[in-house]
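Letter by letter, the chains look like this.
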Amino acid sequence: MKDLSGRTCAVTGANSGIGQKVAEGLAGYGATVIMVCRNRDRGEAARSKIAARVEGAELRLRLCDLAALDDVRRLARDLSSEHSRLDLLVNNAGVYRAKLEITADGFEKTMAVNHLAHFLLTHLLMAPLTAARGRVINVSSAAHTSGHLRRAPLESIIRGDGDYDGFRAYGDSKTANILFTRELARRCGDSGLTVAAVHPGAVATRIYNQNDNLSSLIVRLFKPLMRSPASGARPCLWLATRPDPDRMQGRYFVRMKEALPQPDARDDQLARRLWELSARLTGTYDGAADVQ
Ligand SMILES: NC(=O)c1ccc[n+]([C@@H]2O[C@H](COP(=O)([O-])OP(=O)(O)OC[C@H]3O[C@@H](n4cnc5c(N)ncnc54)[C@H](OP(=O)(O)O)[C@@H]3O)[C@@H](O)[C@H]2O)c1
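Residues numbered from 1 in each chain as written. Predicted model: local features only at pLDDT ≥ 70, side-chain atom pairs only at ≥ 80, totals over all residues. Heavy atoms only, no water.

K.L.:
Quick question: what am I supposed to make of the sheet that holds strand E4 (residues 88-91) here?
P.N.:
Strand pairing within a sheet occurs via backbone hydrogen bonds; the two strands may be parallel or antiparallel. In space, the eight strands of this open sheet follow the order E3-E2-E1-E4-E5-E6-E7-E8, with mixed pairing throughout. Taken across any chain shown, the strands that pair with only one partner, and hence form the sheet edges, are strand E3 (58-63) and strand E8 (257-259). Within this sheet the neighbouring strands show an average axis-to-axis angle of 25°, counted without direction. Relative to strand E5 (residues 135-139), E4 runs parallel, the two being bridged by four bridges. Residue pairing for E5: Asn 91 is matched across the bridge by Asn 138. Of the strands in this sheet, strand E1 (8-12), strand E2 (32-37), E3 and E4 touch helix H1 (residues 17-28), which is tilted by about 170° from E1. (Pairing = 2+ DSSP bridges. Helix = DSSP H or I, 4+ residues; strand = E, 2+ residues; numbered from the N terminus. Axes fitted to C-alpha atoms, helices over the stretch in contact; angles between N-to-C directions. Contact = heavy atoms within 4.5 Å.)

K.L.:
Can you walk me through empty space enclosed by the protein in this structure?
P.N.:
Rolled over the atoms, a probe sized like a water molecule indicates the empty space that remains. One pass over the full model with this rule turns up two cavities of 30 Å³ or more. Contributing to the lining of the largest cavity are 14 residues, with Arg 151, Ile 157, Gly 160, Asp 163 and Tyr 164 lying nearest its centre. Ranked by residue count, the leading element in the lining of the largest cavity is helix H7 (residues 166-188), at three residues. Taken together, Asn 91, Asn 114, His 115, His 118, Asn 138, Asn 177 and Phe 180 make up the lining of the second largest cavity. Elements supplying a minimum of two residues to the lining of the second largest cavity: helix H4 (109-124) and H7. Element by element, the count of residues in the lining of the second largest cavity is highest for H4, at three residues. Considered class by class, the residues forming the lining of the second largest cavity number one nonpolar, six polar and no charged. (1 Å grid on protein atoms, 1.4 Å probe; cavity = no way out; pocket = protein on both sides within 12 Å on 5 of 7 lines; lining within 4 Å. Points joined across faces, edges and corners; volume = space filled by probe spheres on them. Nonpolar A, V, L, I, M, F, W, Y, C, P; charged D, E, K, R; others polar.)

K.L.:
I would appreciate a short explanation of the state of the cysteines in the present structure.
P.N.:
Per the stated rule, a full pass over the model turns up zero disulfides. Cys 188 takes part in no disulfide bond, and the closest cysteine sulfur to it belongs to Cys 9, at a distance of 17 Å. (Disulfide = S-S within 2.5 Å.)

K.L.:
What exactly am I supposed to notice about a nonpolar patch on the surface here?
P.N.:
Judged by side-chain polarity, Phe 167, Leu 214, Leu 217, Ile 218, Leu 221, Phe 222 and Leu 225 come together as a nonpolar surface patch covering roughly 700 Å² of accessible area. With five residues, the single largest contributor to the nonpolar patch is helix H8 (residues 213-222). By the secondary structure assignment, Leu 214 is in helix H8. (Patch = residues over 30% accessible without salt bridge, like charges linked within 9 Å, V, L, I, M, F, W, Y side chains within 5 Å. Areas by Shrake-Rupley, 256 points an atom, 1.4 Å probe, with all protein chains shown as cover. Salt bridge = Lys/Arg side-chain N within 4 Å of Asp/Glu carboxyl O.)

K.L.:
I keep staring at the side chain of Glu 183 and nothing clicks. Help me out?
P.N.:
Here Glu 183 is to be found in helix H7. Those residues within four positions of Glu 183 in sequence are excluded, and the remaining contacts are Asp 268, Ala 271, Arg 272 and Trp 275.

K.L.:
Before we go on, may I ask you to explain the site of the ligand in this structure?
P.N.:
Around the ligand, 30 residues are found, and the nearest of them are Ser 16, Arg 38, Arg 42, Tyr 170 and Thr 205. Here Lys 174 contributes a side-chain N or O atom positioned 2.9 Å from an oxygen atom of the ligand. Taken by itself the ligand offers 890 Å² of open surface, and the protein chains cover 98% of this. Elements that contribute at least two residues to the shell around the ligand include exactly H1 and H7. Partitioning the shell around the ligand into residue classes produces 13 nonpolar, 12 polar and five charged. (Near = heavy atom within 4 Å. Polar contact = N/O pair within 3.5 Å; in protein donor to acceptor, adjacent residues only side chain to side chain.)

K.L.:
What is the right way to read the environment of Thr 110 from this model?
P.N.:
Structurally, the position occupied by Thr 110 is in helix H4. Using a relative accessible area of 0% as the deciding quantity, one classes Thr 110 as buried. C-alpha of Thr 110 to C-alpha of Ala 131: the two residues are 21 residues apart in sequence and 31 Å apart in space. A polar contact is formed between the side chain of Thr 110 and the side chain of Glu 108, at a distance of 2.6 Å. (Buried < 20%, exposed > 50% of the residue type's maximum accessible area, 1.4 Å probe, protein only.)

The following block contains the structure:
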């Protein structure tokens with residue numbers, strides 16, 4: 001059994017699917033787990049479920065709608081004031097939208113939740129993360145291959161201009177997760193922070209079955225072949241506890257194996273441009289400086 005007692009870990013989207021099982025696994029290792037959830041009732045229900053399964057689990061529920069950047073800022077402020085050290089941030093929450101939705105901040109929703117919110121949250125938690133020489137795990141997907149970030153100016157993709165395709169938008173956001181991982185690793189220098197991206201496998205969760213008949217049908221058909229959420233959580237838990245963080249820095253894993261992402265997702269120029277644009281759109285800073 002791994003021992004994370006005395007460590008503090010935050011997991012976004014911790015009330016459902018993979019995130020809930022990651023939270024449960026981390027609690028089982030003895031960590032204090034901050035469960036970042038959008039909805040209080042769903043968050044409390046997940047917290048009770050984990051508490052019933054893990055004796056003595058230290059679970060803190062924090063609410064945040066990741067589709068709203070101001071809410072992300074408020075969450076980061078609260079977490080930074082409560083925790084001077086953060087050992088692990090699992091950027092797990094994710095959405096797939098079959099139809100175009102634009103957030104109140106003016107961004108395409110998949111990109112806003114899956115990429116921009118996590119970019120901003122990570123940036124704003126950099127002080128407690130580096131103080132702990134912590135880890136960031138970005139939950140990407142093998143479906144990043146359906147993305148095509150070089151088809152149009154990045155800002156117009158992030159703003160949802162032009163024609164919309166749900167699978168492509170999801171792939172774009174998951175490509176962004178990998179590019180963010182690479183660029184963050186490059187900027188980390190010797191701050192001690194480690195960052196990796198992971199595809200957790202095809203997992204039977206709610207992600208595809210909430211918005212259109214086609215994706216619901218596909219999930220129903222393939223559900224018997226898909227992994228359980230507990231199995232989907234295993235790669236994150238493995239990365240969270242690997243004794244050799246240097247060997248995961250900036251890399252992409254398919255389950256527990258390092259893998260080569262599609263060409264767009266290993267384009268370092270694109271990674272840099274996406275970082276600078278994301279910094280501007282989230283109002284963090286000009287993106288030119290290193291993280292340290
Ligand atoms: N399932 C797969 O086969 C698969 C494969 C590859 C990668 N992934 C990735 O795995 C991650 C977890 O997905 P999952 O499969 O476990 O799906 P899931 O069960 O639908 O969980 C998604 C989580 O994200 C949260 N979330 C969505 N929008 C949010 C928002 N605006 N603010 C805050 N939280 C929000 C959800 O909260 P609510 O309950 O409030 O909606 C939920 O807790 C995602 O990043 C996904 O892209 C999944």
